[in-house]
Amino acid sequence: MARYALKVEYDGRPFAGWQRQADQPSVQGAIEAALAQLEADVPSIAAAGRTDAGVHATGQVAQCDMAQEWQPFRLSEALNYHLKPLPVAIVACAPVSEDWHARFSAVERRYTYRLINRRAPLTLDVGQAWAVKQPLDLAAMQEAARHLIGKHDFTTFRASICQAKSPVKTLDEIRIEAFPRGDAVEFQFHLRARSFLHNQVRSIVGTLERVGAGSWSPDDVRISLEARDRAACGPVAPPDGLILTGVGYPDDPFRGQGS
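Residues numbered from 1 in each chain as written. Predicted model: local features only at pLDDT ≥ 70, side-chain atom pairs only at ≥ 80, totals over all residues. Heavy atoms only, no water.

Student: What am I meant to see in the overall build of the protein here?
Tutor: In terms of helices and strands, the protein carries five helices and 10 strands. Reported as C-alpha extents along the three principal axes, the dimensions of the protein are approximately 60 × 40 × 40 Å. Put simply, the protein has 259 residues, and 51% of those count as buried. Sequence-distant contacts, at least 24 apart, represent 72% of the contacts inside the protein between residues at least 6 apart. Only carbon and sulfur atoms are counted for the fraction: they give 49% of the accessible area of the protein, which is about 12500 Å². (Helix = DSSP H or I, 4+ residues; strand = E, 2+ residues; numbered from the N terminus. Buried < 20%, exposed > 50% of the residue type's maximum accessible area, 1.4 Å probe, protein only. Contact = heavy atoms within 4.5 Å. Areas by Shrake-Rupley, 256 points an atom, 1.4 Å probe, with all protein chains shown as cover.)

Student: Sorry, what's going on with helix α3 (residues 138-145) here?
Tutor: Residues lying three or four places apart along an α-helix face the same way, a consequence of the helix completing one turn every 3.6 residues. Residues of α3 that are buried include every one of Ala140, Met141, Ala144 and Ala145, and no others. The buried side chains of α3 occupy one side of the element, clustering within an arc of 135 degrees when seen end-on. Looking at the buried side of α3, the elements it contacts are β8 (168-181), β9 (184-193), α4 (200-213) and α5 (218-227). (Arc of directions from axis to C-beta.)

Student: Whenever I open this one, unusual backbone geometry confuses me. Can you help?
Tutor: Phi is mostly negative for residues that are not glycine, and the peptide bonds are mostly trans. Backbone torsion omega between lysine 84 and proline 85 reads 0 degrees, so that peptide bond is classified as cis. In this fold, proline 85 is placed in the loop between α2 (72-83) and β4 (88-96). Of note in this structure, aspartate 41 is not a glycine but carries a positive phi near 60 degrees. You can see aspartate 41 is positioned in the loop between α1 (27-36) and β2 (46-47). Located in the positive-phi region is arginine 228, a residue other than glycine, with phi close to 50 degrees. Counting through the fold element by element, arginine 228 comes out in the loop between α5 and β10 (242-248).

Student: Help me understand the packing of aromatic side chains in this model?
Tutor: Aromatic ring pairs are defined here through the distance separating the ring centres and the angle between the ring planes. The full count for this structure, using the stated rule, is five aromatic pairs. Arranged with centres 6.3 Å apart and planes meeting at 90 degrees, the rings of tyrosine 113 and tryptophan 130 form a pair that is edge-to-face. With tyrosine 113 in strand β5 (residues 108-117) and tryptophan 130 in strand β6 (residues 130-132), this residue pair connects regions lying 17 residues apart in the sequence. Accessibility assignment for this pair places tyrosine 113 and tryptophan 130 in one class, buried. Pairing phenylalanine 154 with phenylalanine 157 gives two aromatic rings, centres 6.4 Å apart and planes at 65 degrees, and the pair type is edge-to-face. The pair phenylalanine 154 / phenylalanine 157 is uniform in exposure class, with both members buried. (Phe/Tyr/Trp six-rings, centres within 6.5 Å; stacked < 30°, edge-to-face > 60°.)

Student: Where do I start with α1 in this structure?
Tutor: Burial analysis of α1 places seven of its 10 residues in the buried class, the great majority of the element. Looking only at α1, the buried set comprises Val27, Gln28, Ala30, Ile31, Glu32, Ala34 and Leu35. The inward-facing, buried residues of α1 contact β1 (2-10), β3 (56-66), α2 and β4. Its side-chain oxygen 2.9 Å from the backbone nitrogen of glycine 29, serine 26 forms the N-cap of α1. (Polar contact = N/O pair within 3.5 Å; in protein donor to acceptor, adjacent residues only side chain to side chain.)

Student: Would you mind showing me how to read the pattern of salt bridges here?
Tutor: By the definition in use, this model includes 18 salt bridges. Notably, a salt bridge pairs arginine 192 with glutamate 108, separated by 3.3 Å at the nearest N-O pair. With a gap of 84 residues between them, arginine 192 in strand β9 and glutamate 108 in strand β5 connect regions that are remote in the sequence. The partly exposed category is assigned to arginine 192, whose relative accessible area is 25%. Using a relative accessible area of 19% as the deciding quantity, one classes glutamate 108 as buried. Here aspartate 125 makes a salt bridge to arginine 181, at a shortest N to O gap of 2.8 Å. Here aspartate 125, found in the loop between β5 and β6, pairs with arginine 181, found in strand β8; they are 56 residues apart in sequence, far enough to count as distant. Using a relative accessible area of 16% as the deciding quantity, one classes aspartate 125 as buried. Shared partners join several salt bridges into a network, and the residues in it are Glu108, Arg110, Glu173, Arg175, Glu177 and Arg192. (Salt bridge = Lys/Arg side-chain N within 4 Å of Asp/Glu carboxyl O.)

Student: How should the state of the cysteines be read in this particular structure?
Tutor: Taken as a whole, this structure holds zero disulfides when the rule is applied. A disulfide-free cysteine, cysteine 162 has its sulfur positioned 13 Å from the sulfur of cysteine 233, the nearest such atom. (Disulfide = S-S within 2.5 Å.)

Student: Please clarify how the packing of α1 against α2 should be interpreted in this entry.
Tutor: Packed helix pairs are specified by the crossing angle of their axes together with the interaxial distance, meaning the distance between the axes. Where α1 contacts α2, the axes come no closer than 9 Å and their chain directions differ by 115 degrees. Between α1 and α2, the crossing angle belongs to the class labelled roughly perpendicular. For α1 against α2, the interelement crossing comes out right-handed. Contact residues: α1 offers Ala30, Ile31, Ala34 and Leu35, while α2 offers Leu79, His82 and Leu83. (Axes fitted to C-alpha atoms, helices over the stretch in contact; angles between N-to-C directions. Parallel < 35°, antiparallel > 145°, perpendicular 65-115°, else oblique. Left-handed = near helix turned anticlockwise from the far one by under 90°.)

Following this line, the structure appears as C-alpha cells:
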C-alpha cells in the first residue's frame, strides 16, 4: 500500500460533519466515495480533526492508502473530478511514510472563527460567519482572552458529549483581529493548540462575544474558567464561522507545494 497525505478544503454546510455516517452526508464519506471510483477496496481514511456539522476547512489534513502508487498531482486531480459537484476540494497531495498518521503525527491545529458585526443580515457571507448586531469591544475581548492562554482545565468550555480523556489542554494562542468592512466590522478569532476539546473553540468565542457586548467583564471569563463547570460557560457560537485553517507536523508533507 502507498500512503498519501491530502490537504482538504470544504464548505461544511451540506454535511453532518467530517465523520462518515450511515444516513447523513459527511466529508469523509464524500472523499471515500471518490476514492472508490479510483480503486476497489480503498481502506477507510483518517483526518487530523473531526469537524462538526456546518464547520468549514481550508487546511484539513487526511490520509489515504492506495493499492498502487499514484503521482500526487494525478491523484488530487482524479479525486477532485469525482468530488464534483460537492463543495470539497483536494488542494494538495503528497506521499508519506506508512507510519505517518494525519491525526497522531500532528503537533498543532489552527482554527479561525469569523464574526461579522452589523445590523443588516448577511447575504454573501451567510453560513460562512456569525452575524452579531450589537457593537463589540475588541480590547475587552482581547483582555478576556488572555485568561484562557496556557495550560488549563477547560471543563467549562467542553461539550458534555466530549470523549477526550482529560479536560486539560494547552492553548498556545488566541489572537483577535478587527477589520472594517464598509458598514460592518469583521472580527477574526485565531486559536492555536496541539489539540482541542469538543466545542472548545465555539464555546470560547461565544463567551468572548458576551464580553465584547458588555454582558460579561473580562474577569468573568477567568471566573468561568476556574469554575470548571459547563454551566458557567457563555453561549456556544454557531458553527457557521468556524474554519479549520491548518494542521502542523514536525515535517510538513506539503512543503514546497505552494498550498
